[in-house]
Amino acid sequence: MNIFIKSSPYIIAGPCGVEDEQQLMSVASALQSLPVDMVRGGVWKPRSKPGYFEGRGEPALQWMQQAKEMIHKPFCTEVASKEQVELALKYKIDAVWIGARTTVNPFLVQEIADAVKGTGIAVLIKNPINPDIELWSGAVERIQQAGIESIAAIHRGFSSYDTHSIYRNKPNWAIPIELKRRYKALPVFCDVSHICGNRTLLATVAQRALDLDFDGLMIETHPNPDEALSDAKQQITPAALSELLKSLVIRQVTCDDVQNDIEQIRQILDTMDAEVVDLLGKRMELVKQLGDIKIAHNIAIFQQDRWREIVDSRTQWGENNNLDAAFILKLFELIHDKSIKTQFELLNALKQDKN
Ligand code: PEP
Ligand code: MN
């Protein structure tokens, strides 16, 4: 049985890093009475630069084991090596998470997969820091192949060079949604703290995640967030966590009363989408005919004036149908780009034939 599968969102809360015994006991006892399913705490902290708090290591695992006995909730921590998995097991930690800086490295993920094999420990897999779904799903598959039953993925956003973003790590929601589509039975949680990087955005992003059908949330919680030794700006007190959790609207995926209406509309949407795809296919056939003509008469494949005309007319048609220009532009960039590429392929094929 996968412990992370639950009918309501699975909540993981706790400090970014376990700093001392008192800090952990304080946060753990405050979380005891909250609807929190698992307590987190980093014991080894991967810091970008040297000279910062890197976690307390093994003694922190001992405090975690004591806290677990005190509040009777499961605990999880981050691991990045076989030795760290072995220590987590020694102190009866219930779940380990593979951090974003580790998911990028298939050697380390495999080392962790080999270390957890046959142990029954639960494993959470964060997305890699770069927006590469194959690395993320590869890590999921390595852990699945190790026979681990309790697996969940954690979406913590992606690094970017964009310093103007409101997020610390950009959500790129399409990537975790694609992961969910690939692995139907895999719970996917959202680590709102590392996406936001500051506490003001947390509630909005948490609600967004639930509205996008995420199965749970990870939220960093600290008894005294401003004094935290890591990620101070994004952590919240257990009291603030309680308020945040209360504020969330849990949307039902389906509801019998409206199910029929939803089905009917979806059927119409399916028919419309089939027509759209059909038309795109026919459009592409014409694009190829046009390509042959251009090639036969030595006419340039891409013509700036034609592209300008497409943008102007299509965005105008969009406006007539209440579709905003940015959306139409994006759509036709995709269509036109594919058309031009297809015509270039025809040209290249011809060149190869001649060679
Ligand atoms: C963390 O959870 O504290 C952490 C370091 O996460 P990530 O790997 O997502 O950066
Ligand atoms: Mn953190």
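Up top is the structure.
These lines cover the structure that appears in this document, whether it is placed above or below. (Residues numbered from 1 in each chain as written. Chains lettered and ligands numbered in written order. Predicted model: local features only at pLDDT ≥ 70, side-chain atom pairs only at ≥ 80, totals over all residues. Heavy atoms only, no water.)

Assignment of secondary structure puts I175 in helix 7 (residues 174-182). Note on I175: relative accessible area 15%, which makes it buried. Spatially, the C-alpha atom of I175 lies 21 Å from that of A203, the residues being 28 residues apart in sequence. Each residue touching I175, except ones within four places of it in the same chain, is listed here: P131, I133, W136 and F158. (Helix = DSSP H or I, 4+ residues; strand = E, 2+ residues; numbered from the N terminus. Buried < 20%, exposed > 50% of the residue type's maximum accessible area, 1.4 Å probe, protein only. Contact = heavy atoms within 4.5 Å.)

This paragraph deals with the site of ligand 1. Taken together, C16, R40, K45, E78, W97, G99, A100, R101, K126, R156, H194 and E220 are the residues near ligand 1. At 2.6 Å from an oxygen atom of ligand 1 is found a side-chain nitrogen or oxygen belonging to K45. In this structure, E220 approaches ligand 1 through a side-chain N or O atom, which is 3.4 Å from an oxygen atom. Across the shell around ligand 1, the residue classes tally to three nonpolar, two polar and seven charged. (Near = heavy atom within 4 Å. Polar contact = N/O pair within 3.5 Å; in protein donor to acceptor, adjacent residues only side chain to side chain. Nonpolar A, V, L, I, M, F, W, Y, C, P; charged D, E, K, R; others polar.)

With parallel pairing, eight strands are arranged side by side around a closed barrel as 1-2-3-4-5-6-7-8. Across the sheet, the mean angle from the axis of one strand to that of its neighbour is 30 degrees, orientation sign disregarded. By the bridge criterion, four bridges tie strand 4 (residues 95-98) to strand 5 (residues 122-126) in an arrangement that is parallel. Bridge pairing in strand 5 places V96 opposite V123. (Pairing = 2+ DSSP bridges. Axes fitted to C-alpha atoms, helices over the stretch in contact; angles between N-to-C directions.)

Summed over all chains, the structure comprises 19 salt bridges. In this structure, K180 and D215 form a salt bridge, with 2.7 Å as the shortest nitrogen-oxygen distance. Here K180 is found in helix 7, whereas its partner D215 is found in the loop between helix 9 (202-211) and strand 8 (216-220), with 35 residues between them in sequence. Here D215 falls in the partly exposed class, since its relative accessible area comes to 26%. Residue D305 pairs with R308 through a salt bridge whose shortest N-O separation is 3.5 Å. Here R308 and D305 lie together in helix 12 (residues 304-320), a separation of three residues that amounts to about one turn. Taking the relative accessible area as the measure of exposure, D305 reaches 58% and is therefore exposed. (Salt bridge = Lys/Arg side-chain N within 4 Å of Asp/Glu carboxyl O.)

Function cannot be read off these values alone, since they describe shape.
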